[in-house]
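Summary of the model geometry
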Amino acid sequence: MKLSKESFLKIFESRFWSKLNESLIPFEDSVEKKLFLDDLYLEIITFTYNPSSPRDYLVSNKHNGISRYVPTFNRKDYCVYFLCIKLIEKEIATNRVEGTYGGWTLGNKIKEKEDVELIELEYVPFNSINEFSWSREWRTFQSIAKNHSETDEYTNYTTIDIANFYDSINLSLLERKIRHSVSNNKQDIVTLLFHFLRNWNKKIEGYNLKTVGIPQDEIGDCSRILANFYLQDYDFEMKNICEKEGAKYIRFADDQIFYSKSSDTSKKLLYESSKQLFKLNLNINSSKVKEFNSRLQFENYWAFDIFDMLGDLKSRKNIQNAVVMYFNKIDNQESFRDFSVLKRLLSVDLNLVLPEQRFRIISGLCNPEFLSKLTVWNFKKIRSIINNDQEFFQILDSQIDSLMFNSFHYQLLKFYKKDRTDFDFRILIERIKQLKT
């Protein structure tokens, strides 16, 4: 493999190396960076590198109790995956179709985590190498979604996502697409990448080569880049189909929205989307298809008005009105992005909220379903809001035995080690062992 030592080492001068130490599942050993990278480089150029089984799987609450499995690799595997994507990202990490988001490169500007953790997405990788980009891209997508809805051109709106997206990506098709896009002098890098992708899950698949699925990311955004690239042909087809129908198509990751002028067109786009995804071995998640026959229904579901009011965190009036609207939607049992609004409320100074509203917000923040999706940063914010350690710790402790998603326990363990040193950590460690995959 034609990869100079200098080029290899330069890759790991980035923030990625420090991100390794932020893994929710601590590494059992420590390493000296230079010696470690020297050994890895030698393995790569002598073709002796082989992926290891994941150290464990982080299991998180994807939606309504459905599990998402995120493998945690050893250092070598993380580094090889990052190396390969970093070397080919200029060819594949681009947004080639207007209105699609999710293909930003690994090298974008970094901001401090605390500035962007408030993103209201239900899922962001635990240790994304660039949380700022996740936040920026999502909010751009949200703004575009709102702007399109405000035109008088469209009357029907359909939101969809892809069923088991990462797990369903066809590796042969993905490899063919990548080899077609990268230069000849990078073909060995592609070979190394797919050596990793086909062999990382031996713990589950034994000696069989993996043919379908890429791993979810715990560190870095490598799989996000591959997944976005995989959909680019689909994006091109759906954009053209929508333009012929006088419709509009936008996408963030696997979340998609179609804007159309009639119910018939909306149904046709749903059909065409299914057909185009089938060509990629993908399917629409039928349980998550939402069709809105009016602008009001669509905007209510997205809660654009609430998010707009929460854009000014110093306006007592706007914040109180936003909270009233939030609870009105809940009391009326409306379908809307309630957890996303609740996550945004973590950024609010609740001293600006009426006492009865503040009590209801805290109750929502302590909902087990909500707690199961949170991170250490979120726990710290809720702790500061409740301002009663005994009460908050009691709430968290009560979920240790009942919640089955070990990502909650790993996040809680990390939180307690910094903020509750008197806790008996053996309780959490034993529970994690009970839940081990």
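Definitions and limits used
Residues numbered from 1 in each chain as written. Predicted model: local features only at pLDDT ≥ 70, side-chain atom pairs only at ≥ 80, totals over all residues. Heavy atoms only, no water. Helix = DSSP H or I, 4+ residues; strand = E, 2+ residues; numbered from the N terminus. Expected span 1.5 Å × (residues − 1). Buried < 20%, exposed > 50% of the residue type's maximum accessible area, 1.4 Å probe, protein only. Polar contact = N/O pair within 3.5 Å; in protein donor to acceptor, adjacent residues only side chain to side chain. Pairing = 2+ DSSP bridges. Contact = heavy atoms within 4.5 Å. Axes fitted to C-alpha atoms, helices over the stretch in contact; angles between N-to-C directions. Salt bridge = Lys/Arg side-chain N within 4 Å of Asp/Glu carboxyl O. Arc of directions from axis to C-beta. Disulfide = S-S within 2.5 Å.

Moving on, we come to helix H4 (residues 75-92). For an α-helix the count is 3.6 residues per turn, leaving residues at separations of three or four pointing the same way. Over its 18 residues, H4 runs 24 Å from end to end, which matches the ideal 26 Å to within 8%, given 1.5 Å per residue. Judged by how many residues are buried, H4 sits mostly within the fold: 15 of 18 residues are covered. Here H4 starts with a cap whose side-chain oxygen sits 3.2 Å from the backbone nitrogen of Lys 76, and that cap is Asn 74.

Moving on to the sheet that holds strand S6 (residues 255-260). Strand order in the open sheet formed by five strands is S3-S5-S6-S4-S7, and the pairing between neighbours is mixed. Every other strand in the sheet has two partners, leaving strand S3 (100-101) and strand S7 (290-292) as the edge strands with one partner each. By the bridge criterion, five bridges tie strand S5 (residues 248-252) to S6 in an arrangement that is antiparallel. Its bridge partner being in S6, Arg 251 is matched across the sheet by Gln 256. In the packing of helix H11 (residues 232-244) onto the sheet, the strands contacted are S3, strand S4 (156-160), S5 and S6, and the crossing angle to S5 comes to about 155°.

A few words now on the pattern of salt bridges. Summed over the entire model, instances satisfying the criterion amount to 29 salt bridges. Taking the shortest distance from any N to any O, the salt bridge between Arg 383 and Asp 419 comes out at 2.8 Å. Note that Arg 383 is positioned in helix H19 (residues 376-386) and Asp 419 in helix H21 (residues 406-419), a separation of 36 residues in sequence. What makes Asp 419 partly exposed here is its relative accessible area of 22%.

What follows is about helix H13 (residues 295-302). Taken together, the buried positions of H13 are Phe 298, Glu 299, Tyr 301 and Trp 302. Along the long axis of H13, the arc covered by the buried residues comes to 160°, so they all point the same way. Of the residues one or two after H13, Ala 303 is the one with positive phi, at around 55°.

Let us look at the state of the cysteines. In total, this model carries zero disulfides according to the counting rule given. Unpaired in this structure, Cys 222 has its nearest cysteine sulfur neighbour in Cys 84, at a distance of 8.7 Å.

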